[in-house]
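# Residue-level structure breakdown
So the chains spell out like this:
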Amino acid sequence: YRKTWDLFFQYHRPSQAFDVEELAVTAGADVAFVVAIMRCGAGPKPEGFPFRLTIGLRKIDGTWHITQEHHSIPAVDG
């Protein structure tokens, strides 16, 4: 999975690219979900771009696989 981000990480060091603010994992024997509130971009809060990451995983033949990934941004009152 990380290999798909090679182009992005050519320009950002991983320690500066993403900050995880909240992380919740719900896991069963062969299905799991991860929900995270994250910030993309270096610098102290409120700098950076806030977003939510949701990942669905499934264990197939003993190995976990990402089966769904979704990114979303906060709604803005308008």
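Residues numbered from 1 in each chain as written. Predicted model: local features only at pLDDT ≥ 70, side-chain atom pairs only at ≥ 80, totals over all residues. Heavy atoms only, no water.

## A short note on the overall build of the protein
When you go through the protein residue by residue, the secondary structure sums to 2 helices and 4 strands. Going from the N terminus to the C terminus, the protein shows its helices and strands as α-α-β-β-β-β. Contacts spanning at least 24 positions in sequence make up 20% of the contacts within the protein whose residues lie at least 6 apart. Summed over all atoms, the accessible surface of the protein reaches about 6100 Å², with 58% contributed by carbon and sulfur. (Helix = DSSP H or I, 4+ residues; strand = E, 2+ residues; numbered from the N terminus. Contact = heavy atoms within 4.5 Å. Areas by Shrake-Rupley, 256 points an atom, 1.4 Å probe, with all protein chains shown as cover.)

## Things to note about the pairing of strand 1 (residues 18-27)
The buried fraction of strand 1 amounts to 0 of the 10 residues, a small share that puts the element mostly on the outside. In terms of strand pairing, strand 1 meets strand 2 (residues 31-40) through 9 bridges, oriented antiparallel. Looking at strand 2, one finds that Ala24 is bridged to Val35. (Buried < 20%, exposed > 50% of the residue type's maximum accessible area, 1.4 Å probe, protein only. Pairing = 2+ DSSP bridges.)

## Notes on the pattern of salt bridges
Summed over the entire model, instances satisfying the criterion amount to 1 salt bridge. With its nearest N and O atoms 2.7 Å apart, the salt bridge here joins Glu21 to Arg39. One end of the pair, Glu21, is in strand 1; the other, Arg39, is in strand 2, with 18 residues separating them in the sequence. Accessibility expressed as a relative area gives 31% for Glu21, which makes it partly exposed. (Salt bridge = Lys/Arg side-chain N within 4 Å of Asp/Glu carboxyl O.)

## A few points about a nonpolar patch on the surface
A grouping of Val20, Leu23 and Val25 is seen on the molecular surface, where their side chains present a nonpolar patch of about 300 Å² in accessible area. With respect to the helices, strands and loops of the structure, Val25 is situated in strand 1. (Patch = residues over 30% accessible without salt bridge, like charges linked within 9 Å, V, L, I, M, F, W, Y side chains within 5 Å.)

## Quick word on the environment of Ala32
With respect to the element layout, Ala32 can be found in strand 2. In the structure, Ala32 is positioned 27 residues away from Lys59 in sequence and 8.5 Å away in space, judged by C-alpha atoms. When near neighbours in sequence (up to four residues on either side) are disregarded, Ala32 contacts Thr26, Ala27, Ile55, Gly56, Leu57 and Trp64.

## Quick look at the nonpolar core
Ala32, Val34, Ala36, Met38, Phe51, Leu53, Ile55 and Leu57 form the largest nonpolar core, which has 8 residues in total. Sorting the residues of this core by element identifies strand 2 and strand 3 (49-60) as the ones contributing at least two each. Apart from residues no more than four positions distant in its own chain, Ala36 is found in contact with Glu22, Leu23, Phe51, Arg52 and Leu53. (Core = buried A, V, L, I, M, F, W, Y, C linked by side-chain atoms within 4.5 Å.)

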